[in-house]
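# Report on the structure
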Amino acid sequence: RSKHEEIELVSLEEFYKEAPPEISRPAITLSEPHQQTLARLDWELEQRKRLAEKYKECLSSKEKILKEIEVKKEYLSSLQPRLNSIMQ
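In short, a report on the structure. Please read all numbers here as calculations on a predicted model, not as lab measurements. (Residues numbered from 1 in each chain as written. Predicted model: local features only at pLDDT ≥ 70, side-chain atom pairs only at ≥ 80, totals over all residues. Heavy atoms only, no water.)

## What to know about the nonpolar core
Residues Val 10, Phe 15, Ala 19, Ile 23, Ala 39 and Trp 43 constitute the largest nonpolar core, which totals six residues. Not counting the four nearest positions on each side in its chain, Ala 19 is found in contact with Glu 14, Ser 24 and Trp 43. (Core = buried A, V, L, I, M, F, W, Y, C linked by side-chain atoms within 4.5 Å. Buried < 20%, exposed > 50% of the residue type's maximum accessible area, 1.4 Å probe, protein only. Contact = heavy atoms within 4.5 Å.)

## Considering a nonpolar patch on the surface
On the surface, a nonpolar cluster with roughly 240 Å² of combined accessible area is contributed by Ile 65, Leu 66 and Ile 69. Residue position: Ile 69 is located in helix 4 (residues 33-87). Note on Ile 69: relative accessible area 39%, which makes it partly exposed. (Patch = residues over 30% accessible without salt bridge, like charges linked within 9 Å, V, L, I, M, F, W, Y side chains within 5 Å. Areas by Shrake-Rupley, 256 points an atom, 1.4 Å probe, with all protein chains shown as cover. Salt bridge = Lys/Arg side-chain N within 4 Å of Asp/Glu carboxyl O. Helix = DSSP H or I, 4+ residues; strand = E, 2+ residues; numbered from the N terminus.)

## Focus: the side chain of Ser 24
Residue placement: Ser 24 occurs in helix 2 (residues 21-24). Given the relative accessible area of 3%, Ser 24 is considered buried. Beyond its immediate sequence surroundings of up to four residues, Ser 24 is in contact with Phe 15, Tyr 16, Ala 19, Thr 29 and Ala 39.

Here it is as structure tokens:
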């Protein structure tokens, strides 16, 4: 048994519908199961790379937003003493 058999790949219909022709190569892969499996694994790898990149972007965006929230919290917490001094 091969390790790739443990990976749940997209269905064949979805693979041929979504994968670009340079990866799916329907002229070759429809008649050769081994080439079809290799192409599906290539597509899976491309998708995972894309999702990993998107994940990294989302994490950096999250960090930026958390820093902005922290700055705003600090500003708001310093606002109360200033308001008290103005009121006096």
